[in-house]
Amino acid sequence: MYIACPKCDWRPTPDVLWVCTCGHRWHTFDTHGVCPACGKAWKETQCQSWQGCGKWSDHEDWYHEDDGLTVEEYLANPQHAVAPPTRPASG
Ligand SMILES: [Zn+2]
Ligand SMILES: [Zn+2]
């Protein structure tokens, strides 16, 4: 799973902060869009205007499933490279 703007594919790094209407600054994907200071749930999340498109999108749409393993993930999970268990010969 990775997080990216559904409109421009900008991928926020963990140090990017959003500002709530209460003035609190936090990384919205740490809390699934809920402000930890006032509890406001942000159903839509704005893309960063200086790195991305600056448009609002449904918070859920920012979560993407990976189509496949990256090389790094493949190397980090060697069990994926193990051949399927052998079955007894039949017939
Ligand atoms: Zn807040
Ligand atoms: Zn964007």
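Note that the structure is predicted; figures quoted are calculated from it, not measured. (Residues numbered from 1 in each chain as written. Chains lettered and ligands numbered in written order. Predicted model: local features only at pLDDT ≥ 70, side-chain atom pairs only at ≥ 80, totals over all residues.)

Phi angles above zero are rare outside glycine, and Asp9 is one such case at about 70°. Following the sequence through the fold, Asp9 ends up in the loop between β1 (2–3) and β2 (18–19). The exposed category is assigned to Asp9, around which 11 C-beta atoms lie within 10 Å. A positive phi angle is found at His32, which is not glycine, with a value near 60°. Mapping His32 onto the fold places it in the loop between β3 (25–26) and β4 (44–46). A residue is classified by how many C-beta atoms lie within 10 Å of it, and His32, with 12 of them, is exposed. (Helix = DSSP H or I, 4+ residues; strand = E, 2+ residues; numbered from the N terminus. Buried ≥ 20, exposed ≤ 12 C-beta atoms within 10 Å, placed from the backbone.)

So, about the environment of Pro14. In this fold, Pro14 is placed in the loop between β1 and β2. Expressed as a C-alpha distance, the spacing of Pro14 and Phe29, which sit 15 residues apart in the sequence, is 8.5 Å.

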